[in-house]
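Structural description and commentary
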Amino acid sequence: MSADTETGTETTPRRRRRVLLTPARSIPVEFAGERGGEGPLTLGQLNIHNWLGAMPEHSLANLWVELPIPGTPSIDEVAGAAAALIARHESLRTTYTSGEEPRQQVAKTGVQLLEVCSLGEGHWGPRDRPAVAEALIRWLREHTDSAWRPLRMAVSVAPDEGDRVIACAAGFAHLTVDHAAIEILKRDFAGLLDHPGRGQLGHPGHQPLDQAERETTPAEQRRAEAALEYLRAQMQRISHCLYTVPGARPGGESLAVELSSVAAAMAVRQIAARTRASRSSTVLAAVCAVVAHRANRRDLVLPILSNNRFEHHLTGYVGSLVQSTLATVEVGDRDFDELVGHTWAAVMEASRHARYDAAKRSAMDELVEHERGLRINYDPLFNSLVPESWSGLTGGVGFQSGRIDAALAQTRLLWRPMPPAGTPIRFSLNQLDGCLRLDAWSSDSGLMPRAELESVLLATERVLVAAAPGDLPRARTPDVIGLEPITGTPDRILVDSCWVDVVDVQRLVDAAVAPAVAHVFAEVGGRPLVAHLTATATVRTPEQAHARCMAILADHPTAITPRQYVICDAAPSDPADPAAWPAPSATGSGRR
């Protein structure tokens, strides 16, 4: 089997070279760590374990990356670095058992296979590495089996160059590591290859078994409970669906559009240097400005991801710590520089409350959803995969606005199909150095069409570029965004922080209580979203009506349940007239 790709190089832009990978052999790499052991899962591991238990085929169950190598090392040098890396980090030699109380088991010694793929004849060198690494990652993805393993590693070698290694790639189980851990592994792997005689890179530090033990202490348990209390407060404000375009109906495809913008990358460096905020928060602030304007909101409660590496003992931690949290960004009337600082502060505050018991959170989510009568999707609205650095905050101060404006001609939009996700719209920041690469991902183009994603991405670029030379006043922001807000109508109302079309709620109620006659009113007697319906053998109380609506709410992503149920023994000749309904046999919200 082989993987092919067409590529060019900067030095020979017209030459396109075919990369052909042929599996050659697998080399057993023996490793020996300082200790083995067994223990419970950490909160971070348990979060990933539960998530993948519900969606085992998720596209992020494994994380595929290129591992950096200096020059063109030998296979033996790469194997030696791999052995030292696995010995150093216990998560790379850990397996897991399921059950009511899942466990992690760390092997002290073992063997890791290093898969070797041969390139075609001819000269291969470091300048070919990007294309070869891309093909190698694709080969790893396509040649998987059902056996779970914490790590797969592969190298591509040049037969005419004495089997020197041109590229190295790995697939890490997400239960083993998160993106922040991968950055640490990349750094360590490169260091081991740079200094092959050095062996271990100092003491390996805090390990998942140590973290699991630490999380049993009273202080850590109090911290986890405080995180749940913080999340409970945010969950009372979050919308069921940030926004959809008018007339949206589920049933489209899942797709992503990527914005590639050199101009936006330069603008972000300017703004971050001026505001002293992180670059990723600068991008998020622009996204929030656009989305809040388009969705006609003054504040946004956003699901985000935290890597949970704020304490000193966790800065070099290799394992899965990432968990979702909720950040409240109050866009309001803030000028852009103030919004950037506020967004950074909101993200940091939310990230302090992102380590908790996932099972307890799931139970809390279910209770809040029932009480509020909606389904909340917690897929992250914004996920930054860009490592931050101080140079990233201070670099680029000297960019001239004319240079940024000229770079706008290089902006590109590229769309691609994607695996289904849960939320109508989400953003992923993939690169900031040299070129901003920002994905907007729609799980259902019927709810969030490709044209809307493109419009939002380009508006985000416009905001960043406009704010590069100096602060962007709030009064100018709508003109810079260049999109009209999605406004309310008599049939589209704001209820419990959610914009909702009454007709969508009507469809939900009709499906839930059939064969009852039902009519949903936008407002009756000062109460919003009141449903009048006839009693049936299975629905005679508001609690029964609410339970049936909640049971199928996932099939109606743009709806929420009625705020009040009015159950009558018979329907009037005109159900659309609230005064025509007879005296009810039961009324209530149906909530606990």
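In this numbering scheme, every chain counts its residues from 1 along its sequence in written order. Two thresholds apply to this predicted model, a pLDDT of at least 70 for residue-level local features and 80 or more for giving and counting side-chain atom pairs, whereas whole-chain, interface and lining totals are computed over all residues. Excluding hydrogens and water, the side-chain figures rest on all heavy atoms present in the structure.

Our focus in this paragraph is the layout of surface pockets. Definitions used throughout: a 1 Å grid over protein atoms alone; a cavity as a set of points that fits a 1.4 Å probe which cannot get out; a pocket as an open set with protein on both sides within 12 Å along at least five of seven lines; a lining residue as one with an atom within 4 Å of a point. Grid points are joined across faces, edges and corners, and a volume is the space filled by probe spheres set on the points. By volume, the second largest pocket is sized at about 710 Å³. What lines the second largest pocket is a set of 27 residues, among which Pro56, Glu57, Ala61, Asn62 and Trp148 lie closest to the centre. Here a strand is any run of E in DSSP of at least two residues, a helix any run of H or I of at least four, and the numbering for each starts at the N terminus. Secondary-structure elements contributing two or more residues to the lining of the second largest pocket are helix 1 (43-54), strand 5 (62-67), helix 3 (129-142), strand 9 (151-158) and strand 10 (164-173). Among the elements that make up the lining of the second largest pocket, the one with the highest residue count is helix 1 (four residues). Of the residues in the lining of the second largest pocket, the class split is 11 nonpolar, 10 polar and six charged. Residue type decides the class: Asp, Glu, Lys and Arg count as charged, Ala, Val, Leu, Ile, Met, Phe, Trp, Tyr, Cys and Pro as nonpolar, and the leftover types, Gly among them, as polar.

Bringing the sheet that holds strand 3 (residues 22-32) into the picture now. By definition, two strands form a pair when at least two bridges between them are found by DSSP. Reading across the sheet, the five strands line up as 3-8-9-10-5 and stay open at both edges, with mixed pairing between neighbours. Edge positions in the sheet fall to strand 3 and strand 5, since each has one partner strand and no second. Along the sheet, successive strands turn relative to each other by an average axial angle of 25°, direction set aside. Note on contacts: a residue pair is in contact if any heavy atoms of the two residues lie within 4.5 Å. Lines fitted to the C-alpha atoms define the axes, with helices restricted to the stretch that makes contact. Angles between their N-to-C directions range from 0 to 180 degrees. Most of the contacts of helix 3 go to strand 10, to which it runs at about 40°, and overall it touches strand 3, strand 5, strand 8 (109-118), strand 9 and strand 10.

On average, residues of the protein score 90 in pLDDT, and 93% of them reach the 70 mark or higher. As a per-residue quantity, pLDDT reports the predictor's confidence and falls between 0 and 100. Confidence, read as mean pLDDT per element, is least for strand 1 (residues 4-7) in the protein (34) and greatest for helix 14 (residues 477-481) (98).

A few words now on the nonpolar core. Throughout this description, the term nonpolar core refers to a set of buried Ala, Val, Leu, Ile, Met, Phe, Trp, Tyr and Cys residues connected via side-chain atoms within 4.5 Å. Buried means the residue's accessible area, taken with a 1.4 Å probe over protein chains only, is under 20% of the maximum for its type, while exposed means over 50%, and partly exposed covers the values in between. By size, the foremost hydrophobic cluster in this structure holds 104 residues, and its most contacted members are Phe336, Phe427 and Leu436. The biggest single contributor to this core is helix 8 (residues 279-295), with 11 residues. Aside from chain neighbours lying at most four places away, what touches phenylalanine 427 is Val287, Val291, Leu381, Phe382, Asn383, Leu438, Asp439, Ala440, Val456 and Leu457. Within the second largest apolar cluster, 35 residues are counted, among which are Val29, Ala83, Cys168 and Val318.

Time to look at empty space enclosed by the protein. With a probe scaled to a water molecule rolled over the atoms, the places where space remains empty come into view. For the coordinates displayed, the defined rule picks out one cavity of 30 Å³ or more. Surrounding the largest cavity, 15 residues form its lining, Thr244, Arg492, Trp499, Asp501 and Thr558 being those nearest its centre. When its residues are assigned to classes, the lining of the largest cavity shows seven nonpolar, four polar and four charged.

Below, the discussion takes up the sheet that holds strand 20 (residues 518-524). Strand order across the open sheet formed by four strands is 20-21-22-23, with mixed pairing between neighbours. Either end of the sheet is taken by a strand with one partner, and the two such strands are strand 20 and strand 23 (586-588). Neighbour-to-neighbour, the strand axes of the sheet open up by a mean angle of 15°, direction not taken into account. As paired strands, strand 22 (residues 564-568) and strand 23 are joined by three bridges and run antiparallel to one another. By the bridge assignment, isoleucine 567 is partnered in strand 23 with alanine 586. Helix-sheet contacts for helix 15 (residues 502-513) involve strand 20 and strand 21 (527-534), and the interaxial angle to strand 20 is about 145°. Packed onto the sheet, helix 16 (residues 542-551) meets strand 21, strand 22 and strand 23 and runs at close to 120° relative to strand 22.

Centres within 6.5 Å are what make two rings of Phe, Tyr or Trp a pair, Trp counting through its six-membered ring; a difference in plane orientation under 30 degrees is then read as stacked, over 60 as edge-to-face, and the rest as tilted. Scanning the model with the defined rule gives one aromatic pair in all. Seen in terms of ring centroids, tyrosine 96 and tryptophan 148 are 5.5 Å apart; in terms of plane orientation they differ by 85°. Their pairing is edge-to-face. Pair noted here: tyrosine 96 is in strand 6 (residues 94-97) and tryptophan 148 is in the loop between helix 3 and strand 9, with a separation of 52 residues, a long-range link. Looking at tyrosine 96, the relative accessible area reads 16%, which means it is buried.

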